[in-house]
Amino acid sequence: MKPHLAIAMLALLAGTPSAFAQQAASTLPAVSENKVDTDTFTKTLVSANRFEIESSKLALKKGVAADVGDFAELMVKDHTKAGQDFKAALEKSQATASIKPEGPPLLPKDQAMLDQLEALDGEAFQVKYITLQTQAHKQAVAMFSTYARSGDDPALKEFAKKTLETLKMHEMHLRDVAAVH
């Protein structure tokens, strides 16, 4: 991905001013349009996966519509499994021992999105949850597709390939949910 596209994607996903996204992008290694390095993939994956789980648990507490609640339950289940699959892939990988499946605190963009959701209730929460889930899954599909194609760690590349189908299914499910709400 070209650097300016990476910055634009981060700005879109962060849901915060573009200055924050540019600052966040400058702390990440450069990503070419054909490659995502393993360090960026693993750090982004751990945080994004935690965001999916935490935001979906929040959705279940906030009393969303039944179909949105069903989607949130699916997110908790599928992303918990993805975390377990990632841990298994990491054990087989060539990645450095410093990468931990539970990871550090959420990356700033993921924490900012979670903070936005925590501040909302009712219809405003539901609309923002659907929007942020849609954005997060678009980013995840792009990153997993790129890593599955060009990643440099065979075990993590295989994990990306297997997980990609689930992420694409989530995207389709989100389109259906968004169309109703």
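Treat the numbers as computed from the prediction; the structure is a model and nothing was measured. (Residues numbered from 1 in each chain as written. Predicted model: local features only at pLDDT ≥ 70, side-chain atom pairs only at ≥ 80, totals over all residues. Heavy atoms only, no water.)

Concerning the packing of helix H5 (residues 108–118) against helix H6 (residues 122–150)
Viewed as axis vectors pointing N to C, H5 and H6 meet at an angle of 160°, and their least axial separation amounts to 10 Å. Overall, the two elements H5 and H6 adopt an arrangement that is roughly antiparallel. The way H5 lies across H6 gives a crossing that is left-handed. In this structure, H5 contributes Lys109, Met113, Gln116 and Leu117 to the contact, and H6 contributes Phe125, Lys128, Tyr129, Leu132 and Gln139. (Axes fitted to C-alpha atoms, helices over the stretch in contact; angles between N-to-C directions. Helix = DSSP H or I, 4+ residues; strand = E, 2+ residues; numbered from the N terminus. Parallel < 35°, antiparallel > 145°, perpendicular 65-115°, else oblique. Left-handed = near helix turned anticlockwise from the far one by under 90°. Contact = heavy atoms within 4.5 Å.)

A few points about the packing of aromatic side chains
Counting across every chain of the model gives 6 aromatic pairs. Judged by centre distance (5.1 Å) and plane angle (65°), the rings of phenylalanine 41 and phenylalanine 144 are edge-to-face. Here phenylalanine 144 lies in helix H6 and phenylalanine 41 lies in helix H3 (residues 38–61), a separation of 103 residues in the sequence. Pair check on accessibility: phenylalanine 41 and phenylalanine 144 agree, each one buried. Relative to tyrosine 129, the ring of phenylalanine 125 has its centre 5.9 Å away and its plane inclined at 10°; by these criteria the two rings are stacked. (Phe/Tyr/Trp six-rings, centres within 6.5 Å; stacked < 30°, edge-to-face > 60°. Buried < 20%, exposed > 50% of the residue type's maximum accessible area, 1.4 Å probe, protein only.)

Quick word on the layout of surface pockets
Taken as a whole, the second largest pocket encloses approximately 240 Å³ of empty space. For the lining of the second largest pocket, the secondary structure elements donating two or more residues are helix H4 (66–92) and helix H7 (154–180). Among the elements that make up the lining of the second largest pocket, the one with the highest residue count is H4 (7 residues). Class assignment of the residues belonging to the lining of the second largest pocket gives a composition of 5 nonpolar, 2 polar and 6 charged. (1 Å grid on protein atoms, 1.4 Å probe; cavity = no way out; pocket = protein on both sides within 12 Å on 5 of 7 lines; lining within 4 Å. Points joined across faces, edges and corners; volume = space filled by probe spheres on them. Nonpolar A, V, L, I, M, F, W, Y, C, P; charged D, E, K, R; others polar.)

Considerations on the packing of H3 against H4
Two elements in contact, H3 and H4, have axes whose closest approach is 8 Å; the angle formed by their N-to-C orientations is 150°. In this view, H3 runs roughly antiparallel relative to H4, as classed from their interaxial angle. Our pair here, H3 against H4, has a crossing hand that is left-handed. Between H3 and H4, the residues in contact are Thr42, Leu45, Val46, Asn49, Glu52, Ile53, Ser56, Lys57, Ala59 and Leu60 and Gly69, Ala72, Glu73, Met75, Val76, His79, Thr80, Ala82, Gly83 and Phe86, respectively.

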